[in-house]
Amino acid sequence: MKSFIAILTVSAILIFGGCDQLAKDLTSTISGTVRNDGEIVPNALVFLLSPGDSITAGLSLSNATVGKADGTYILVDVITGNHIVCAVKDVNGNLTVDARVDLVGYHGEIDTTLGISIPQAVTLESDGDDLENIDNEKMFVLPGGE
């Protein structure tokens, strides 16, 4: 009988609370929305870098997810420590970050002179914590390429 109640409880959480809520209840998470100049960026790849790394440093990923059509994302099972939240819109769909094609953005302060976001680390202090509203507001195209 107890196992039936447990199954019923988990089912209710999934149905009524959604998978995002279950993920938040079970692990440490970072969540937010990806935008570019106020416009939603659907289906962006969102991942974590270590402070000091850059998108061209080989992408030392500690966690990644694909955002939803409404621009929201949730990274689950995040380890404690400092993280840079980066988003990439794979414009040509080749699963590679392409200079002069794909959009890249970071959570952080927007430099109005350069027109890019300056990465700002976020800190997950202990297991079970959730960081919310870690938004990416400005994206840019990487220079270089052909």
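### Comments concerning the overall build of the chain
Line of reasoning, step 1. Within the chain one finds one helix and 13 strands.
Line of reasoning, step 2. Put simply, the chain runs from its N terminus to its C terminus through helices and strands in the order α-β-β-β-β-β-β-β-β-β-β-β-β-β.
Line of reasoning, step 3. By the burial criterion, 33% of the 146 residues in the chain qualify as buried.
Line of reasoning, step 4. Within the chain, residue pairs in contact and separated by at least 24 positions form 66% of the contacts whose partners lie at least 6 positions apart.
Line of reasoning, step 5. Surface exposure of the chain reaches about 8,400 Å², of which carbon and sulfur atoms provide 57%.

### Regarding the pattern of salt bridges
Line of reasoning, step 1. Scanning all chains against the criterion turns up three salt bridges.
Line of reasoning, step 2. We note a salt bridge from Arg 35 to Asp 135, for which the minimum N-O separation is 3.7 Å. On the criterion of sequence distance, the pair formed by Arg 35 in strand 2 (residues 35-36) and Asp 135 in the loop between strand 12 (130-131) and strand 13 (139-141) is long-range, its members being 100 residues apart.
Line of reasoning, step 3. Judged by its relative accessible area of 23%, Arg 35 falls in the partly exposed class.
Line of reasoning, step 4. Judged by its relative accessible area of 17%, Asp 135 is buried.
Line of reasoning, step 5. Across the pair Asp 37 and Lys 138 runs a salt bridge, and its minimum N-O distance is 2.9 Å. Of the two residues, Asp 37 sits in the loop between strand 2 and strand 3 (39-40) while Lys 138 sits in the loop between strand 12 and strand 13, which places them 101 residues apart along the sequence.

### Thoughts on the sheet that holds strand 12
Line of reasoning, step 1. Across the sheet, three strands lie side by side as 6-1-12; this open sheet has mixed pairing. Two strands close off the open sheet at either side, each with one partner strand: strand 6 (72-76) and strand 12.
Line of reasoning, step 2. Alignment of strand 1 (residues 29-33) against strand 6, held across five bridges, turns out to be antiparallel. The residue of strand 6 that forms the bridge with Ser 31 is Ile 74.

### Points about the pairing of strand 10 (residues 116-119)
Line of reasoning, step 1. As judged from the four bridges shared by strand 9 (residues 108-111) and strand 10, these two strands associate in the antiparallel manner. The partner of Asp 111 across the bridge, within strand 10, is Ile 116.
Line of reasoning, step 2. Adjacent in sequence and paired antiparallel, strand 9 and strand 10 are bridged by four residues, among which Gly 115 carries a positive phi angle near 75°.

### A few points about the nonpolar core
Line of reasoning, step 1. Core analysis: the biggest nonpolar cluster contains 16 residues, and Ile 30, Val 34, Val 46, Tyr 73, Leu 75, Val 85 and Ile 134 have the highest contact counts within it.
Line of reasoning, step 2. When contributions to this core are tallied by element, the ones reaching two or more residues are strand 4 (45-49), strand 6, strand 7 (81-89) and strand 11 (122-124).
Line of reasoning, step 3. Counting 10 residues, the second-largest nonpolar core is a separate cluster that includes Phe 47, Leu 49, Cys 86 and Phe 140.

### Thoughts on unusual backbone geometry
Most of the time, phi is negative for any residue but glycine, and the peptide bond is trans.
Line of reasoning, step 1. Backbone geometry places Asn 43, a non-glycine residue, at a positive phi of 60°.
Line of reasoning, step 2. For Asn 43, the position within the fold is in the loop between strand 3 and strand 4.

### Some words on the pairing of strand 8 (residues 103-106)
Line of reasoning, step 1. Summarising the sheet, strand 7 and strand 8 pair through four bridges and their orientation is antiparallel. Bridge assignment links Cys 86 to a residue of strand 8, and that residue is Tyr 106.
Line of reasoning, step 2. Here three bridges tie strand 8 to strand 13, and the two strands are oriented antiparallel to one another. The partner of Leu 103 across the bridge, within strand 13, is Val 141.

Conventions used here
Per-chain numbering applies: the sequence of each chain, read as written, is numbered from 1 onward. With the structure being a predicted model, the display of local features is reserved for residues of pLDDT at least 70 and the display and counting of side-chain atom pairs for 80 or more, all residues being used for whole-chain, interface and lining totals. Values reported for side chains reflect all heavy atoms of the structure, with hydrogen atoms and water molecules removed beforehand. Where helices and strands are cited, they refer to DSSP runs of H or I of at least four residues and of E of at least two residues respectively, numbered from the N terminus. Remark: exposure states derive from per-residue accessible area (1.4 Å probe, protein chains only) relative to the maximum for the residue type, with buried under 20%, exposed over 50%, and partly exposed in between. In what follows, residue pairs with any heavy atoms lying within 4.5 Å of each other are defined as contacts. Per-residue and other accessible areas were derived by the Shrake-Rupley procedure at a 1.4 Å probe size, with only the shown protein chains allowed to occlude residues. Salt bridge criterion: a side-chain nitrogen from Lys or Arg within 4 Å of a carboxyl oxygen from Asp or Glu. A pair of strands is considered paired only if DSSP assigns at least 2 bridges between the two. Residues belong to one nonpolar core when they are buried, are Ala, Val, Leu, Ile, Met, Phe, Trp, Tyr or Cys, and are joined through side-chain atoms within 4.5 Å.

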